Amino acid sequence: MKFRKSLYYQYIIGYLIFLFVGFLAIFVVISRLSLSTLTMDSARSMYDCANDIASSYGPDLNNEYVPFADVANILTLTAAASHMRIQVISIDGEIYFDSQDSPDIYNTARLNRTVPTINEFDISYFSQHYYQQGTFYGTFEEKTLSVYAPIIAVNKNASAGQRKTCYVILHSSLNTIATASDKMMDYVYLTFFILFALSLILLLIFTFFVFIPLQKIIRASKEYAKGNFKYPGLNIPSDNEMGMLAASLNFMADELDHKAEDQKKFIANISHDFRSPLTSIKGYVEALLDGTIPTELYPKYLKTISAETDRLTKLTNNLLELNKWDNRGNRMDYADFDINMTIRNLLPNFEGRCFEKMVQFDILYEAKSYYVYADISKIQQVLYNLIDNALKFSYNDSKIYIHVFDKLDKVYVSIRDTGIGIPPESLHKIWERFYKTDTSRGKDKTGTGLGLAIVKEIMLSHEENIEVSSSPEHGTEFIFSLKKAKR
């Protein structure tokens, strides 16, 4: 897998794009928003100050009984303390006061001489707002924030025509606001870089705890796909989802490894079970053809050939049956039926073999009828295989015990023989396909080793249990359960 196509590469690219866009947003949007917010806050604060001056000192600026120099001195001190420039300008643009001038020049005589004037002064400069940014008619070399508040300079002895509306105008350098905004942005940038460092830690955590384990899992999966189920590279000791995934893959590899071994055994068993009857058939046919076998013995050997053919047919049918279960193509046909009657109808099939071995059935039904809900044809197959197995390994002149009883919502069927039994080390293997104990191979040459595997599949499909208990030389017992019919 090329790195550029990897999820990690895409994650890194997305991470870098996120950082770039985040920094750009901070640099452009937040910086502008910060400057705009600080400008608004400064404008409000200056406006409050201008209103205070207008209401407190405005009327005295044109009052001949109040010493002008005293008011000018107070406004000059206020301007110095607040780092602002204060002007009082009439509606005609006459500058009554400017904190930049010395307070000593303001006296009563100032009101009687020509004062500096801003000829183009118009209150519309503020564009319907109480503040504006600019050079204020060229008064300043750099942009300044200017705020105004109106006052009426009242002189009780003046006529109405002599009364003039004035404005208290405060100016503050935008550099001061920009400096404050830069300081604020320094903290924002610091926070951003701290978050960047923390995100790097998260990236490292992702790399070590997600990406690297994921790469190991990918490599292991490729090895498993090649059939290398013993690949040792998938070792992720963790309790999180990644560790659980690795453990699941390890378990899957072990199971597949066992399946591969089972497949080899399966092929070996098929080869063995097909080769033996085929070899016998071939040998007897060749002997019949070349005259090795006398004519009078033909019936005997033809009977043997027929038996071997039946054995091959049975083996083939069992393999086809198991293949249906593997492919889940064996449809279940559930119905209510009497398991007692099913057993009674099945036992006559074993009369000939029972007579040969002098084996008897001892049957105990704890109730006259036991109706169960299952697939009758599949349960007949289970019963036939288990009884056939019991009969096969029973001693001559012995008994096979069949017991049917119920408990709660289940019906149980027990089939027990008193034959050779199963060795303890082989008990858990009897459900495997083609498995035969050595004793089984010695006692029975016609078995395929598939009967119990089919029984197990049928019970699993019914979602029911089947248990086995055995003791060598004392016999074997199989017990399986079925669901009671709702009658």
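You'll find the structure just up there.
Residues numbered from 1 in each chain as written. Predicted model: local features only at pLDDT ≥ 70, side-chain atom pairs only at ≥ 80, totals over all residues. Heavy atoms only, no water.

A. Here's a closer look at a nonpolar patch on the surface. On the surface, Leu190, Ile194, Leu195, Leu198, Ile201, Leu202, Leu204, Ile205, Phe208, Phe209 and Ile212 cluster together into a nonpolar patch covering about 1100 Å² of accessible area. Residue placement: Ile205 occurs in helix α3 (residues 174–225). Look at Ile205 and you get partly exposed, because its relative accessible area is 42%. (Patch = residues over 30% accessible without salt bridge, like charges linked within 9 Å, V, L, I, M, F, W, Y side chains within 5 Å. Areas by Shrake-Rupley, 256 points an atom, 1.4 Å probe, with all protein chains shown as cover. Salt bridge = Lys/Arg side-chain N within 4 Å of Asp/Glu carboxyl O. Helix = DSSP H or I, 4+ residues; strand = E, 2+ residues; numbered from the N terminus. Buried < 20%, exposed > 50% of the residue type's maximum accessible area, 1.4 Å probe, protein only.)

B. Seen up close, the sheet that holds strand β11 (residues 466–471). Taken in spatial order, the five strands line up as β7-β9-β10-β12-β11 in an open sheet, and their pairing is mixed. Edge strands, defined here as strands with exactly one partner in the open sheet, are β7 (360–365) and β11. This sheet shows a mean twist of 15° between the axes of neighbouring strands, independent of strand direction. Here strand β9 (residues 399–407) pairs with strand β10 (residues 410–417) via eight bridges, running antiparallel. (Pairing = 2+ DSSP bridges. Axes fitted to C-alpha atoms, helices over the stretch in contact; angles between N-to-C directions.)

C. Spatial organisation of helix α6 (residues 339–346). Among all positions in α6, only Ile339, Asn340, Thr342, Ile343 and Leu346 are buried. In a view along the axis of α6, the buried residues occupy a sector of 160°, so they form one face of it. Capping of α6 at its N-terminal end is provided by Asp338; its side-chain oxygen lies 3.1 Å from the backbone amide nitrogen of Asn340. (Arc of directions from axis to C-beta. Polar contact = N/O pair within 3.5 Å; in protein donor to acceptor, adjacent residues only side chain to side chain.)

D. Spatial organisation of the environment of Gly243. With respect to the element layout, Gly243 can be found in helix α4 (residues 241–290). Between the C-alpha atom of Gly243 and that of Leu214, which follows or precedes it by 29 residues, the distance is 9.9 Å.

E. Region of interest: the pairing of β11. Bridge count for β11 against strand β12 (residues 475–483) is six bridges, and the pairing is antiparallel. Bridge pairing in β12 places Ile466 opposite Phe480. Where β11 folds back on β12, the antiparallel hairpin that results is connected by three residues, among which Glu473 adopts a positive phi of roughly 70°.

F. Representation of the packing of aromatic side chains. Enumeration over the complete set of coordinates arrives at 18 aromatic pairs. The interplanar angle of 85° and the centroid separation of 5.5 Å between the aromatic rings of Tyr125 and Phe136 together place this pair among those described as edge-to-face. Of this pair, Tyr125 sits in the loop between β2 (95–98) and β3 (131–134) while Phe136 sits in the loop between β3 and β4 (144–153), and the two are eleven residues apart along the sequence. Overall, Tyr125 belongs to the buried group, its relative accessible area being 19%. Arranged with centres 4.6 Å apart and planes meeting at 40°, the rings of Phe126 and Tyr148 form a pair that is tilted. In this pair, Phe126 sits in the loop between β2 and β3 while Tyr148 sits in strand β4, placing the two residues 22 residues apart along the sequence. No difference in accessibility class separates Phe126 from Tyr148, as the two residues are buried. (Phe/Tyr/Trp six-rings, centres within 6.5 Å; stacked < 30°, edge-to-face > 60°.)

G. Inspection of the packing of helix α8 (residues 376–392) against helix α10 (residues 451–461) at higher detail. Running from amino to carboxyl end, α8 crosses α10 at an angle of 145°, the nearest separation of the two axes being 9 Å. By crossing handedness, the relation of α8 to α10 is classed as left-handed. When α8 is examined against α10, the residues Lys378, Gln381, Val382, Asn385, Leu386 and Asn389 are found in contact with a partner set consisting of Gly451, Leu452, Ile454, Val455, Ile458 and Met459. Looking at the contact of α8 with α10 residue by residue, the classes come out as seven nonpolar, four polar and one charged. (Left-handed = near helix turned anticlockwise from the far one by under 90°. Contact = heavy atoms within 4.5 Å. Nonpolar A, V, L, I, M, F, W, Y, C, P; charged D, E, K, R; others polar.)

H. Summary view of the nonpolar core. Counting residues in each nonpolar core, the largest one holds 37 residues, and the members touching the most others are Ile339, Leu383, Leu386, Ile415 and Phe480. Beyond its immediate chain neighbours, meaning those up to four positions away, Leu386 contacts Ile415, Leu452, Val455, Ile466, Phe478 and Phe480. By size, the runner-up hydrophobic cluster in this structure holds 26 residues, among which are Ala79, Val88, Leu145 and Ile151. (Core = buried A, V, L, I, M, F, W, Y, C linked by side-chain atoms within 4.5 Å.)

I. Looking closely at the pattern of salt bridges. Taken as a whole and assessed by the stated rule, the structure comprises eight salt bridges. Close ionic contact of Asp375 with Lys378 constitutes a salt bridge, the shortest N to O distance being 3.6 Å. On the basis of relative accessibility, which here comes to 9%, the residue Lys378 falls in the buried class. Across the salt bridge formed by Asp406 and Lys484, the nearest N and O atoms sit 2.8 Å from each other. Within this pair, whereas Asp406 is found in strand β9, its partner Lys484 is found in the segment after β12, the two being separated by 78 residues in sequence. Residue Asp406 is classed as partly exposed on the basis of its relative accessible area, which comes to 33%. For Lys484, a relative accessible area of 26% gives the class partly exposed. Three or more residues are tied together by salt bridges with common partners; here these are Arg353, Asp388 and Lys392.

J. Structural view of the packing of α6 against α8. Relative to each other, α6 and α8 sit at 55°, their axes nearing to 11 Å. Taken together, the axis directions place α6 and α8 in an arrangement best described as oblique. In this structure, α6 meets α8 at a crossing whose hand is right-handed. Mapping the contact onto sequence places Ile339, Thr342, Ile343 and Leu346 in α6 and Ile376, Ile379, Gln380, Leu383, Tyr384 and Ile387 in α8. Here the contact of α6 with α8 is built from residues that sort into eight nonpolar, two polar and no charged. (Parallel < 35°, antiparallel > 145°, perpendicular 65-115°, else oblique.)

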